[in-house]
Amino acid sequence: VTYADPDMAMPPKGKLSDAQIADIAEWIRRGAPDPRGTEAATPLTDGDPLAGADHWAFQPLPREVPAPTPRTPNWARGPIDAFVLARLEAEGLAPAPEADRRALVRRATFDLTGLPPTPEEVEAFVADTAPDAWEKVVDRLLASPRFGERWARHWLDLARYADSNGLDENLAMAHAWRWRDWVVDAFNRDEPYDLFLTKQLAGDLLPPTSDEAEHADRRVATGFLVLGPKMLAEQDKPKLLIDVVDEQLDIATRTFMGLTVSCARCHDHKFDPVPTSDYYALAGIFKSTRTMANTDFVSRWNEVELALPERVAARDEHRKRVEEARRAVEAATEAAQDELARRVVRESARHILAAAERIDSVRLVEAESFARGTLIVDTTMWGSAESPIVRTGKGGPQHVEYDVDSPVARRVALEVRYAAAEERPMSVLVNGAKVAEDALKATTGSWHLDGQRWTRVAEVELVAGANVVRFERAGESVPHIDAWALSELAPAPIEDGLVPEVVQALALRLSKATAAEDPLLHLVAAHARLPRDDFERQAARLAAESRAMDEPRLVAALLDGLPPTSLREFAGRVQTLLATVDARWRAEKAAKPDLDKLADAEFERVRLLLHGAGGPLRLAGEAAARHHEPALAARLEQARADQAELEAAKPAPIHVALGVAEGKAEDLPVHIRGSHLNLAKEPVARGYLSVVVDDVPGPAIESGSGRLELARWLTHPDHPLTARVMANRVWQHLFGVGLVSTPSNFGLRGDRPSHPELLDWLARDYVEGGWSTKGLIRRIMLGASYRMSTQFDALAMEKDPANRLLWRQNRRRLEVEPLRDSVLHLSGALDETRGGTLLGSGNGDYVTNDQSGNAANYGVKRRSLYLPVIRNAMYEMFGTFDYNDPSMHIDARPSTTDASQSLLMMNSPLLVEGGELLAKRVIAAAPDDEARATLLWRMVYARAPSADELRGALAHVERVAALRAPSADGAAAALSGWRNLSQALLASNEFMHLD
């Protein structure tokens, strides 16, 4: 509006008057308050980044906070109550009376364990007249392992816990549960909060320990920094890394300090005294931390091993020895294979002659030549252009059919060449008759071409003329089939010194060698079929025809000069060619070990016959082992035995968890407007918030990331924010609302504390009590303030409708986890197994995309804490009952009311089944209907029914049973009535709320 910049002149068609401009400037200076309201806005900083440093939250935590002396005697049970009562008296109000014992024990049991009390626990407290009866209840609940499960859930909300990444690549973080279980254990053992905080920021940097459990504990804790969502496929990797830093900084400062520091990434904080330089001082700490394991196309978060360094070193040494043993096996195998290959080359002429005797006794069928079927041809993934295979097609049963002509009826052997790394048996049918049930069941070692092997499937009867051979499987996956063959049952014998498997494989290939795909074998087959008495003349004719083939050097080597006078002479020429190519391959391979093929295309065709996967002159696996030279076979056997012995001595596996490590220590310059592409000239030294440093100087960061120094600064006894924020969170979970109603924003835009002196007293007591969270909870719960009822008071409601003065306890609705858990608990179906994971996906697997389904198991009847949290695809009941986006820091669960919640309580299988199981429990436990109704009320509401409730309940059960009676026996009809009543109570407001 000042027209200082012509490109931003507003309004564009004419400048405002000086008075109007002055009014707008003043309005902006006052924080641009909504002109429709009367509430004053927080003034802007007027260019001073530390304006607002006098805000209450930045003032030092007092060393002593004396409690007031209220006028009303005998109500306050300690300093906490004195602060509350004094404030009420100042406003002319009085506290509500103490809640009745049944409501009180129900409230405490839910607050500390997230489950309802049993009728026996309620009655025991009601009957206990000892002065310390309430104290015993609180201590019992704090000692329960369920306490950690309940209070860990509060912390998981703050830490944005999830079992998947979310965002662009929603991958399973299958080890996240270890951090969750660590939080549960930490609350149960009442780990001091200063150590609890330190471990999550810098557990890996604490002084070394020889206790492996403690060593693992510290590393698991740092998963706090890794849990956040990340744009793993972001291709601007520096941006990805600085975005991760921003997310960590945001979660740490909001969780531990109750400040929105990340607002200062692009500019000085608009309201709080946090300049951009302070943001980058903190950001440098997290940038110097390794949170990402790599920055691949789809990057990966960091994970850490949980064993002591010496055990990791021993494991690594063992791996090294196993690798050496593996290489020894490879070398022995290669030596034995090499000797066998040389032998086959030396005897290749004899092998050719033996195979020629069998050409007409076998018929090879390439698997891809099927006539009909659901399988697909693969030339790129598991097969190749030279050796296609067929594999599983679309889902459902799999099959292929081949049409085979036979000149006469005959009995032949059916053999198949396939690869399989797992058992996928198929059935084989010939002309509709099943000839094999579990064909191709055996594994071959891999799915690849080098894993292929021949196996005899069955002896089959062919009819003269057309035949149909069918391979099928009811399952959805089949082996990888390369070829199959029909051969005579009694082929010509094989001479001594030859390898039978080579002869058979060569005969199979010769039987269907084509000029285009297999020119050398095509020539061999053509010569093998020449009549013996006219071989020379026919060979000359073949030579003339073969010169048209696109293999001039190959043809020249075999046919130029005088035509061969016999098949033996021709086989000798082939042997010479094979030996030439073999020698060339060995020489070039020696010079260049990573060579994978010959540059000469013609010679490469020949090399594949010798050394290519599936080549007829190449043996592998068991077939090769039978023909190894004895000394080399013994060497190989010993190498394998050594490897097996080492692998049998493998040390116990080392668990891994999400966790950070130290990265390259670096100070960051201010990123102008938050962009990593627009940097200030000078870096900002790693450090802390300026507004606090004057009162609590932080330790100097001289080396490393500075995470441990940051934790030390945050847990300094005089830090103005850390203890206040956590004490407020504890109060929030016991009263429904914190003394500061914006628990993660103690800044100038947050709420002021309703009882500032009480908050300071709680914070100081927390620190001086050794940062004991259980101690703080106990102190609050033993007071009269916590024990107040939710009784209505008209005067108090008029003066303080939000109950910020704490004139009564707040009525609260259960969150979704205790609601679900309580239904399971009351029905007797709750599985209280602690810890572990229910995630059905492997680490790094996609959990929600077009190639995967959500494998999370939500049907398990474990506590809700243990159900998987899948970002972008949460359990439906969680979303219905206000469990917000788990990618975000959740400082307070909202409590909405809508129709979908009631519909879920009326219709969900959880409630229907829970109502029936609860009904069966009360029917079995009580002798008559009145006793059953009374027990039901005590289980669900922790109280007995009134006379009117009892009459109504019994009438309802009778009415529902009567409706069922015509179609059910008496017991089933009665059960339907009790089931209906039980579900009604579970869906009621009284059950879902705490008084």
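My aim in this report is to walk through the structure given alongside it, one point at a time.

Rules of the game
- Residue positions are counted from 1 within each chain, in the order its sequence is given.
- Residue-level local features of this predicted model are given only where pLDDT is at least 70; pairs of side-chain atoms are given and counted only at 80 or more, and the full residue set underlies all totals for whole chains, interfaces and linings.
- Heavy atoms throughout the structure, all of them, feed into the side-chain values; hydrogens and water do not.
- Partly exposed residues are those whose accessible area sits between 20% and 50% of the maximum for their type, while under 20% is buried and over 50% is exposed, using a 1.4 Å probe and protein chains only.
- Put simply, DSSP marks the helices as runs of H or I at least four residues long and the strands as runs of E at least two long, and each gets a number from the N terminus on.
- By definition in these notes, contact holds between two residues if any of their heavy atoms fall within 4.5 Å.
- Counting rule for disulfides: a pair of cysteine sulfur atoms within 2.5 Å.
- Two strands form a pair only when DSSP identifies at least two bridges running between them.
- Each salt bridge in this description consists of a side-chain nitrogen of Lys or Arg and a carboxyl oxygen of Asp or Glu lying within 4 Å of one another.
- Grid points spaced at 1 Å over the protein atoms alone were grouped into cavities, where a 1.4 Å probe fits but cannot get out, and pockets, open sets with protein on both sides within 12 Å along at least five of seven lines, with lining residues defined by an atom within 4 Å of a point.
- Grid points are joined across faces, edges and corners, and a volume is the space filled by probe spheres set on the points.
- Residues are sorted three ways: Asp, Glu, Lys and Arg are charged, Ala, Val, Leu, Ile, Met, Phe, Trp, Tyr, Cys and Pro are nonpolar, and all the rest, Gly among them, are polar.
- Structural elements are reduced to axes, namely lines fitted to C-alpha atoms, with helices fitted over the stretch in contact, and the angle between N-to-C directions of any two is expressed from 0 to 180 degrees.
- Note on angle classes: values under 35 degrees are labelled roughly parallel, values over 145 roughly antiparallel, values of 65 to 115 roughly perpendicular, and the remainder oblique.
- A clockwise turn of the near helix away from the far one marks a right-handed crossing, whereas an anticlockwise turn of less than a right angle marks a left-handed crossing.

**A word on helix α13 (residues 348–356)**
In terms of residue burial, α13 counts as a mostly covered element, since 8 of its 9 residues are buried. Among all positions in α13, only Ser348, Ala349, His351, Ile352, Leu353, Ala354, Ala355 and Ala356 are buried. For α13, the secondary structure elements touched by its buried residues are α12 (309–346), α14 (500–510), α15 (519–528) and α18 (567–591).

**Let's talk about the state of the cysteines**
Across all of its chains, the model carries 0 disulfides by this definition. Left unpaired, Cys263 is separated from the closest cysteine sulfur, that of Cys266, by 9.5 Å. Classification of Cys263 by relative accessible area gives partly exposed; the value is 37%. Given a relative accessible area of 40%, Cys266 falls into the partly exposed group.

**Some points on the sheet that holds strand β11 (residues 426–430)**
An order of β6-β9-β14-β11-β12 is seen for the 5 strands of this open sheet, with the pairing classed as antiparallel. Edge strands, defined here as strands with exactly one partner in the open sheet, are β6 (372–373) and β12 (433–439). Sheet topology note: the strand β9 (residues 398–406)/strand β14 (residues 465–473) ladder contains 9 bridges and is antiparallel. The residue bridging Gln398 from the neighbouring strand is Arg473, located in β14.

**Quick word on the pattern of salt bridges**
If you walk through the whole model with that rule in mind, you get 75 salt bridges. We note a salt bridge from Arg411 to Glu461, for which the minimum N-O separation is 2.7 Å. One end of the pair, Arg411, is in strand β10 (residues 410–419); the other, Glu461, is in strand β13 (residues 453–462), and 50 residues separate them in sequence. Classification of Arg411 by relative accessible area gives partly exposed; the value is 39%. Residues Glu949 and Arg943 are paired through a salt bridge, measuring 2.9 Å at the closest nitrogen-oxygen approach. Linked through salt bridges whose partners overlap, the residues forming this network are Arg189, Glu191, Lys199, Glu214, Asp217 and Arg218.

**Concerning empty space enclosed by the protein**
A full pass over the atoms with the stated rule returns 6 cavities of 30 Å³ or more. The space that makes up the largest cavity amounts to roughly 70 Å³. Contributing to the lining of the largest cavity are Gly114, Glu149, Arg150, Arg153, Glu817, Pro818, Asp821, Arg863 and Leu865. Secondary structure elements with two or more residues in the lining of the largest cavity: α6 (145–158) and α28 (816–827). Its residues assigned to classes, the lining of the largest cavity shows 2 nonpolar, 1 polar and 6 charged. Counted as a void, the second largest cavity has a volume near 60 Å³. Residue lining of the second largest cavity: Ile352, Leu506, Leu520, Leu521, Val524, Val574, Leu578, Leu609 and Leu617, and that is the complete set. Only α15 and α18 provide two or more residues apiece to the lining of the second largest cavity. The dominant element in the lining of the second largest cavity, judged by the number of residues it contributes, is α15, at 3 residues. Classifying every residue of the lining of the second largest cavity gives 9 nonpolar, no polar and no charged.

**Things to note about the layout of surface pockets**
A water-sized probe, rolled over the atoms, reveals where empty space remains. Space inside the second largest pocket adds up to approximately 910 Å³. Contributions of two or more residues to the lining of the second largest pocket are made by α12, α18, α19 (601–611) and α20 (621–625). Top contributing element to the lining of the second largest pocket by residue count: α12, with 11 residues. Residues that form the lining of the second largest pocket fall into these classes: 13 nonpolar, 6 polar and 11 charged.

**Thoughts on the packing of helix α25 (residues 756–768) against helix α26 (residues 773–781)**
Between α25 and α26, whose axes approach to 9 Å, the crossing angle comes to 140 degrees. Relative to α26, α25 is oriented oblique. The crossing of α25 and α26 is right-handed. Here Trp761, Leu762, Asp765 and Tyr766 of α25 come into contact with α26, specifically with Thr773, Leu776, Arg779 and Ile780. When grouped by side-chain class, the residues that make up the contact of α25 with α26 number 5 nonpolar, 1 polar and 2 charged.

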